[in-house]
Amino acid sequence: MSNLEAMPAEVACAASQVAAATPVVEVLQPREVPLGGPRAMRVRRTLPQRERSLVGAWCFIDHYGPGAARMDVPPHPHTGLQTVSWLFSGEIEHRDSAGVHAVVRPGELNLMTAGAGICHSEVSVGSTVLHGAQLWVALPDSARDTGRDFAHYAPEAVPLDGALVRVFLGDLAGSCSPVTTFTPLLGAQLDLDAHAELDLEVDPTFEHAVLCDQGEVQLAGVSLGVAKLGYQSPGHRVLPLRNPGEHAARILLLGGAPFGEQLVMWWNFLARSHDEIVTYRRLWQEDPQDRFGAVHGYRGSVARLPAPPMPTTRLLPRPLPGSVSKAKEH
């Protein structure tokens, strides 16, 4: 998915560090963002924010639906990242400049590696209600100029005590995804039964985030409503989850080793400096074929999505307030 904000701000993503042993859950509130014009689909964005810009290498989280409008995003570029599409309902047709033509379906991972440069389009299939999440993963410096790639994986649902888990990246509760990542990552969907309580064993070197999709869940006693993101720092072997409601709840669990590099993210580009961003934008506007390739088969009215204008000031890293966010702690 493209970031279609007309005036996207630069985001400097600084590494998180291992926090103290005292469990603290930070709650990040979503902000609503329109993707396109007045009839555009609207999404709830919880990452990046001023309070926190990374969870492991996860650097971007958009959550949408149920009831999302039709998606029709023309070919647009990416650099230095991977896109992760995960649906709960609906279908999306994906085409990219690596020659991949695929359909994104509920419960199936579609991961696209941009590397040095790729472009792709995304279009809803049929009239089924769209409901899902679009996630980005930052590539480390050693891999950010890698080649274009695409991976598809349909994880099996594994029963736990009062829950079902589908692990699409990394490993959890004895389930392991075969999809290769460039940094240690975890991505999973958990469906929690009514009144379920689950002490989930996790990698203590990871930081973790819980995105509530359905119902209301509690992370270490802190309530998370729909589209809110709860963060737990590294240093904990258990992720305490509870569904206090009368109906099933659903979450996405994202985790990873703290990312040790600073990034600059603007529009759909992930880079290390202002000058790199300027170069990527110029190449997309003037000569996209060379670096980003071309998407074949997209039938929309716009051949490719133009980049927004650069800000009038130089993109500088935005310092974060220490290793643990100073957002309201619960």
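Everything numeric in this text was worked out from a predicted model, so none of it was measured.

K.L.:
Give me the overall build of the chain: which residues, what numbers.
P.N.:
Counting secondary structure elements, the chain contains two helices and 27 strands. By the burial criterion, 55% of the 330 residues in the chain qualify as buried. As presented, the chain carries roughly 13,400 Å² of accessible surface, and 49% of it is formed by carbon and sulfur atoms.

K.L.:
Describe unusual backbone geometry, and please don't skip the residues or the numbers.
P.N.:
Along the chain, Leu47 connects to Pro48 via a cis peptide bond; the corresponding omega equals 5°. Counting through the fold element by element, Pro48 comes out in the loop between β4 (41–47) and β5 (58–68). The peptide bond linking Gly65 to Pro66 adopts the cis configuration, its omega dihedral lying at 0°. Position of Pro66 relative to the elements: it lies in strand β5. Look at Ala173: it is not a glycine, yet its phi comes out positive at around 50°. The backbone phi angle of Ala220 is positive, close to 50°, even though this residue is not glycine. Its place among the elements puts Ala220 in the loop between β21 (217–219) and β22 (222–224).

K.L.:
Talk me through the pattern of salt bridges; I want residue IDs and the actual numbers.
P.N.:
Taken as a whole and assessed by the stated rule, the structure comprises 16 salt bridges. We note a salt bridge from Asp191 to Arg166, for which the minimum N-O separation is 3.3 Å. On the criterion of sequence distance, the pair formed by Asp191 in strand β18 (residues 185–192) and Arg166 in strand β15 (residues 163–169) is long-range, its members being 25 residues apart. By relative accessible area, Arg166 is classed as partly exposed at 23%. Between Arg250 and Asp213 there is a salt bridge; the shortest N-O distance is 2.7 Å. You can see Arg250 sitting in strand β25 (residues 249–256) and its partner Asp213 sitting in strand β20 (residues 207–214), a full 37 residues away along the chain. Like Arg250, the residue Asp213 is buried in the burial classification.

K.L.:
Hey, could you go over the packing of aromatic side chains for me, with residue numbers and the actual values?
P.N.:
For the coordinates displayed, the defined rule picks out seven aromatic pairs. With centroids separated by 5.7 Å and ring planes inclined at 55°, the aromatic side chains of Phe269 and Tyr280 adopt a geometry described as tilted. Taken together, the residues Phe269 in strand β27 (residues 269–271) and Tyr280 in helix α1 (residues 274–286) connect sequence positions eleven residues apart. Judged on exposure class, the residue Phe269 and its partner Tyr280 are both buried. The ring of Tyr231 carries Arg52 above its face, with NZ or CZ at 3.6 Å from the centroid.

K.L.:
Tell me what's going on with the side chain of Thr79, and back it up with residues and numbers.
P.N.:
Checked against the element boundaries, Thr79 lands in the loop between β6 (72–78) and β7 (81–89). Beyond its immediate stretch of four places on either side in the chain, Thr79 contacts Ala114, Gly115, Ala116, Gly117, Asn268, Phe269, Leu270, Tyr280 and Phe292.

K.L.:
Hey, could you go over the sheet that holds β21 for me, with residue numbers and the actual values?
P.N.:
Within a beta sheet, neighbouring strands are joined by backbone hydrogen bonds and run either parallel or antiparallel to one another. Pairing is antiparallel across the open sheet formed by four strands, whose spatial order is β19-β24-β21-β22. The sheet terminates laterally at β19 (197–201) and β22, the two strands that pair on one side only. In this sheet, neighbouring strand axes are inclined to one another by 30° on average, regardless of whether the strands run parallel or antiparallel. Here five bridges tie β19 to strand β24 (residues 238–242), and the two strands are oriented antiparallel to one another. The residue bridging Asp199 from the neighbouring strand is Pro240, located in β24.

K.L.:
Go over the UniProt feature "binding site: Fe cation" (unreviewed entry) in the chain with me, naming the residues and quoting the values.
P.N.:
Residues given the UniProt feature "binding site: Fe cation" (unreviewed entry) here are His76, His78, His120 and Glu122. A maximum C-alpha distance of 13.4 Å places the annotated residues, which cover 47 residues in sequence, within one compact spot. Tracing the backbone through its elements, the reader meets His120 in strand β11 (residues 118–124). Since its relative accessible area comes to 1%, His120 is described here as buried.

K.L.:
Before we move on, could you go through α1 and cite the residues and values that matter?
P.N.:
With 13 residues, α1 ought to run about 18 Å at 1.5 Å a step, and its terminal C-alpha atoms sit 18 Å apart, in line with that. Of all the positions in α1, only His274, Ile277, Tyr280, Leu283 and Trp284 are classed as buried. In this fold, the buried residues of α1 make contact with β6, β11, β26 (263–266), β27 and α2 (288–292).

K.L.:
Just give me the short version of the environment of Ile118, but keep the residues and values in it.
P.N.:
Tracing the chain through its elements places Ile118 in strand β11. With relative accessibility at 0%, the residue Ile118 sits in the buried group. Separated by 174 residues in the primary sequence, Ile118 and Phe292 place their C-alpha atoms 4.4 Å from one another. If near-sequence neighbours (up to four positions away) are discounted, Ile118 is found in contact with His76, Pro77, His78, Asp96, Ser97, Ala98, Met112, Thr113, Arg148 and Phe292.

Thresholds applied
Residues numbered from 1 in each chain as written. Predicted model: local features only at pLDDT ≥ 70, side-chain atom pairs only at ≥ 80, totals over all residues. Heavy atoms only, no water. Helix = DSSP H or I, 4+ residues; strand = E, 2+ residues; numbered from the N terminus. Buried < 20%, exposed > 50% of the residue type's maximum accessible area, 1.4 Å probe, protein only. Areas by Shrake-Rupley, 256 points an atom, 1.4 Å probe, with all protein chains shown as cover. Salt bridge = Lys/Arg side-chain N within 4 Å of Asp/Glu carboxyl O. Phe/Tyr/Trp six-rings, centres within 6.5 Å; stacked < 30°, edge-to-face > 60°. Lys NZ or Arg CZ within 6 Å of the ring centre and 35° of its normal. Contact = heavy atoms within 4.5 Å. Pairing = 2+ DSSP bridges. Axes fitted to C-alpha atoms, helices over the stretch in contact; angles between N-to-C directions. UniProt positions renumbered as here; feature names shortened; annotations may be inferred. Expected span 1.5 Å × (residues − 1).

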